[in-house]
Amino acid sequence: MQHNIFTSMRSLKFIEGCKTTQIYALNPDGHTAAGGGCGGVGEKFLQQLQDFRINSARPKPSRTFQSSPNQITNNVSAENLLPSGLPDVDFLEPQIDPCLRYVDFVQTLADLYRKIENCPQFEKHAVYLEQSAIFRSLSDPKMFRRSLRAARQHAVDVHSKIVLASWLRFERRQDELVGTSAMDCCGRNLECPRACLVSGYDPESVNDSCMCSRSPRVECDDDTSTGEQECSTSDEDGDMSFCIGDDEIRCVRYNIALLSRPFRALLYGGFTESWREKINFSNNGISAEGMRAAEIFSRTKRLGSFDLPIVLELLSLTNRFFCEEMKSACDAHLASLVSDMEEALVLIEYGLEETAYLLVAACLQVFLRELPNSMYNSNVMRLFCSSQGREKLALVGHASFLLYYFLSQIALEEDMKSNAAVMLLERLAECATEVWQKQLAYHQLGVVMLERKEYKDAQNWFVAAVEVGHVYSSVGIARARCKRGHKYSAYKMMNSLVSDYKPAGWMYQERSLYCVGKEKMMDLNTASELDPTLSFPYKYRAVLLVQENRLGAAISELNKIIGFKVSPDCLELRAWISIVLEDYEGALRDIWALLTLDPNYIMFHGKMHGNHLVELLHPLVQQWSQADCWMHLYDRWSSVDDIGSLAVVHHMLANDPGKSLLCFRQSLLLLRLNCQKAAMRCLRLARNCATSKHERLVYEGWILYDTGHREEALAKAEESVSIQRSFEAFFLKAYALADSSLDSKSSMYVIELLEEALRCPSDGLRKGQALNNLGSVYVDCGKLDLAADCYMNALNIKHTRAHQGLARVYHLKNQRKAAYDEMTKLIEKARNNASAYEKRSEYCDRDMAKSDLSMATQLDPLRTYTYRYRAAVLMDDHREAEAIAELSKAIVFKPDLQLLHLRAAFYDSMGDNISALQDCEAALCLDSGHGETIELYNRARKQADEQQKREFENKIGIVSSLSGQ
């Protein structure tokens, strides 16, 4: 990735923003915390560390290598490796989520679905924006982007179109792609900068090809035809003149009068000018050249090839004399000239002064498409951040909640504590009109003020958010009160919240901060039970175990969450404990993986950059050559150790930073770990490091595919193949085609593409994946023997996941025992084996299946199949309430489409139409095209309508009988 000065500035500023999510071991001033279990660095720490190593019940891990002679262990002290000492529970604190969070998320989704379905079509884009804000709190960024695309699809006005298109572009971080320009077009109306400047509602055309790909010949013809008429009116044709200085501009009175009502009144009204042939126009702020241009426009209705200063003069004239038609033409013409930051910075001043809507839109579009770099331009930020700038934009129709929502979210990502973030959020609050908008603006202002340690202001903003219905902001109120010395008040508030609402994990997590001893641990354990995705309870328990000298148990506690949810702060803490254990290999593995997730991560409460710690640890472990790295990568890949594989690839890139293939490998591993943001960053880096066009096209195709542009991804793959046949190009094409319902013909084509890929050179890791995918397509086509061959060939090159495909083949051949054995092999070999336990449950009896599914849930509580299976078993046993509870337990922390659909079906079978409808609506909010849910929803609605009709008829019958009596 090519870093420019703006990137460097962002990296420096982001350091401070990282601190709040990391492990706090010391007070910022470096003194020992009151009541803490750990002192500062120096003699006290060294003695403490020695005690830990002597008294720890866990023996030191055995080495699998001999130390090389050139290691310089003695030069690296414990104080250098751990500048903040040992981790301390007193400085652990969960971060408050800056997104909207609701107590009853299912009800929120259901309400939102009805709102989308019932609102007028011209207002849908605003409701989809609300949906995107709610989806922001989910772990899947694709859902957020899908809502943004829907909002852009239904946008009507130019302002909404340019902001949403720019936001979609930013989500792909196009600014990081070397060789691209901010105004480059993707080829579709959805994000085309020219198409966005056209007002109107046309949702069906957003995915069509835009005008940018068409020939500009027609426009040239227009300019030529205009130029032929750009001669001033002759003395014979004109019947009047405007005199400006010594110049006389002949005009046709009637044509000039048609420009506006003021001109018509001047030339045909009761003024003396109406009967004069020559009118002195010297004091009206327009030059002779400008007036000639106005005369030409009065005849041709075109601006032709006028120079920029002349068009600006005309724009000014249109405002003084209310020439609406000419103003629109000047506005559109000037908007078409804006193509870069320099032009936009100059022209936006004219646009704001002359209230030129399209010109300001075009300039804003450049600023927005240049984000985040444009945030470091003082002129741009003065316009966006100041109240005066917002008022100027409002006068021309370009100040909106949407605009400031986009800007503020980028500011929060860049530096949450910055003044720019505060000011943009203040503008956001000023533009907020709907309830959800106020909730978001006030809550985020509270979060930022809390990060800035302005606790009184933070509390006030959180209170404002709660007053407009955002209950989650109560967490912020409690935190601010505690920071201001009112810990018991904070406890009472969270205690009241737990009592008044349906319990949620975050409620117990927050209450745990304000209590001690057994009560604290009970709250943390309850928080993990209700929401196992919360990382703070695991971290707290791990650090507490460290303070009790139970280092092995601390590592095991962290492994529980790292096994299904990888985050930099958890990897940091595990590395920290590994250093105490002198497990330097384990520490390096976690730090390498951590730096892949966040290259700018600062460890130990901002005391040491991750890369510096790597430098300190590197001499303490065996040195690997690049060949050794490939060997270790194969070992970790075959053992399904994604974090270990990620660490090895990071180390390989440190030795060979320009290797695009390794960056691409990183992105694949990160996607497996559900770290999509980091995966996209690595994919962009792979694209930038590509040494050939065909390779670059493949990576661009993957970027498009992963951001929802399947057709464009296929086009990139085809273009790459046309240049050079390669494994990755064929694989991308096959993968994108297979991501749809395949008929027999399409399946055969995918098979052909994968076979072509396998004929091309590639490493065994990728070929194993291709063989695995090929086997899957063969199974879908019923060609089980060919599928088995593919899986066996994949296993021969250590693609361990092929055991799962082979088990499926055996199962389809009614060889259930063989299928079970294959999955057992996968469980034994794979480090991450939750999915293997889940799949093995399909090939054994009910009791064994329950055991496997229980283990799968324990290893990865985010796997929804396990909850659905157990609920189905309970439903078969007529234990309806328990079945509903099993699904509800998972829906609280993972509102999944399949879970909601199944619970709706259960409610429907129980005759609870209201609950069934709500779950269907929530599911359709997540995916409005899910056919089975649509069918269930329509049936439930019909039943509800019939029930209401019967109830109404019964009431009428009762009233009639009473009247008869």
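Looking at an unreviewed UniProt entry, the protein chain carries the name BTB domain-containing protein, with the source organism given as Hevea brasiliensis. The annotation that UniProt attaches to the protein chain under Pathway (unreviewed entry) is "Protein modification; protein ubiquitination."

1. Section: the overall build of the protein chain
The number of helices and strands found in the protein chain is 49 helices and 5 strands. Burial status across the protein chain gives 55% buried among its 965 residues. Considering only residue pairs separated by 6 or more positions, the protein chain has 61% of its internal contacts joining residues 24 or more positions apart.

2. Notes on the side chain of Ser667
Considering the arrangement of structural elements, one finds Ser667 in helix H33 (residues 660–672). Since its relative accessible area comes to 3%, Ser667 is described here as buried.

3. Observations concerning the nonpolar core
Nonpolar side chains in soluble globular proteins tend to be buried together. Ranked by size, the top nonpolar core spans 297 residues in total, and within it Phe242, Phe281 and Leu617 carry the most contacts. Within the second largest apolar cluster, 14 residues are counted, among which are Tyr820, Ala830, Ala849 and Ala856.

4. Focus on the sheet that holds strand E3 (residues 278–280)
In spatial order, the strands read E2-E1-E3; together these 3 strands make up an open sheet with mixed pairing. Each end of this open sheet is capped by a strand with a single partner; those strands are strand E2 (247–251) and E3. Ignoring strand direction, the axes of neighbouring strands in this sheet form an average angle of 25°. When strand E1 (residues 240–244) meets E2, the two strands line up antiparallel, connected through 5 bridges. Paired with Cys243 across the bridge in E2 is Glu248. Together, E1 and E2 form the strand contacts of helix H11 (residues 288–300), whose direction differs from that of E2 by roughly 5°.

5. Points about the pattern of salt bridges
The final tally for this structure, using the stated rule, is 56 salt bridges. In this structure, Glu413 engages Arg136 in a salt bridge whose closest nitrogen and oxygen atoms are separated by 3.4 Å. Of this pair, Glu413 sits in helix H18 (residues 401–414) while Arg136 sits in the loop between helix H5 (124–135) and helix H6 (141–153), and the two are 277 residues apart along the sequence. For Arg136, a relative accessible area of 23% corresponds to the partly exposed category. Measuring nitrogen to oxygen at the nearest pair gives 3.8 Å for the salt bridge that ties Asp247 to Arg292. In this pair, Asp247 sits in strand E2 while Arg292 sits in helix H11, placing the two residues 45 residues apart along the sequence. Overall, Asp247 belongs to the partly exposed group, its relative accessible area being 35%. Among the charged side chains, a network of salt bridges with common partners joins Glu93, Arg479, Lys483 and Glu510.

6. Considerations on the UniProt feature "repeat: TPR" (unreviewed entry) in the protein chain
The sites that UniProt annotates as "repeat: TPR" (unreviewed entry) are residues 768–801. A helix fraction of 76% and a strand fraction of 0% characterise residues 768–801, whose end C-alpha atoms lie 9 Å from each other.

7. Focus on the side chain of His650
Within the secondary structure layout, His650 lies in helix H32 (residues 642–655). The exposure class of His650 is buried, given its relative accessible area of 16%. Ignoring any residue separated from it by four or fewer positions in sequence, one finds His650 in contact with Trp592, Leu595, Thr596 and Gln666.

8. A look at the UniProt feature "coiled-coil region" (unreviewed entry) in the protein chain
UniProt marks residues 813–840 with the feature "coiled-coil region" (unreviewed entry), using the numbering shown here. A distance of 16 Å separates the end C-alpha atoms of residues 813–840, which is 75% helix and 0% strand.

9. A look at empty space enclosed by the protein
A full pass over the atoms with the stated rule returns 1 cavity of 30 Å³ or more. Approximately 30 Å³ is the volume attributed to the largest cavity. Secondary-structure elements contributing two or more residues to the lining of the largest cavity are helix H7 (158–171) and H18. Partitioned by chemical class, the residues of the lining of the largest cavity number 4 nonpolar, 1 polar and 3 charged.

10. Considering helix H45 (residues 864–876)
In a regular helix each residue adds 1.5 Å, so 13 residues correspond to 18 Å; H45 covers 19 Å between its end C-alpha atoms and thus fits that length. Looking at H45, one finds that the buried residues are Thr864, Thr866, Tyr867, Arg870, Ala871, Val873, Leu874 and Met875. Elements that come into contact with the buried residues of H45 comprise helix H43 (834–840), helix H44 (846–859), helix H46 (880–891) and helix H47 (897–909). The positive-phi residue at the C-terminal boundary of H45 is His878, with phi of around 60°.

11. What about the environment of Ala856?
Considering the arrangement of structural elements, one finds Ala856 in helix H44. Since its relative accessible area comes to 0%, Ala856 is described here as buried. With 23 residues separating them along the chain, Ala856 and Asn833 place their C-alpha atoms 7.9 Å apart.

12. Quick notes on the packing of aromatic side chains
What characterises a pair of aromatic rings is the spacing of the ring centres plus the angle enclosed by the ring planes. Taken as a whole and judged by the stated rule, the model has 28 aromatic pairs. A ring pair is formed by Phe401 and Tyr405, whose centres lie 5.8 Å apart and whose planes are at 35°; its orientation type is tilted. Of this pair, Phe401 and Tyr405 both sit in helix H18, 4 residues apart, which is roughly one turn of that helix. Among the residues examined, Tyr405 registers a relative accessible area of 1% and is labelled buried. Three or more aromatic residues joined by ring pairs form one cluster here, namely Phe144, Trp167, Phe170, Phe401, Tyr405, Phe406 and Trp436. The cationic tip of Arg101 hangs over the ring face of Tyr472; the distance from NZ or CZ to the ring centre is 5.3 Å. Across the ring face of Trp275, the terminal group of Arg276 is positioned such that the distance to the ring centre comes to 5.8 Å.

What counts and what doesn't
Residues numbered from 1 in each chain as written. Predicted model: local features only at pLDDT ≥ 70, side-chain atom pairs only at ≥ 80, totals over all residues. Heavy atoms only, no water. UniProt positions renumbered as here; feature names shortened; annotations may be inferred. Helix = DSSP H or I, 4+ residues; strand = E, 2+ residues; numbered from the N terminus. Buried < 20%, exposed > 50% of the residue type's maximum accessible area, 1.4 Å probe, protein only. Contact = heavy atoms within 4.5 Å. Core = buried A, V, L, I, M, F, W, Y, C linked by side-chain atoms within 4.5 Å. Pairing = 2+ DSSP bridges. Axes fitted to C-alpha atoms, helices over the stretch in contact; angles between N-to-C directions. Salt bridge = Lys/Arg side-chain N within 4 Å of Asp/Glu carboxyl O. 1 Å grid on protein atoms, 1.4 Å probe; cavity = no way out; pocket = protein on both sides within 12 Å on 5 of 7 lines; lining within 4 Å. Points joined across faces, edges and corners; volume = space filled by probe spheres on them. Nonpolar A, V, L, I, M, F, W, Y, C, P; charged D, E, K, R; others polar. Expected span 1.5 Å × (residues − 1). Phe/Tyr/Trp six-rings, centres within 6.5 Å; stacked < 30°, edge-to-face > 60°. Lys NZ or Arg CZ within 6 Å of the ring centre and 35° of its normal.

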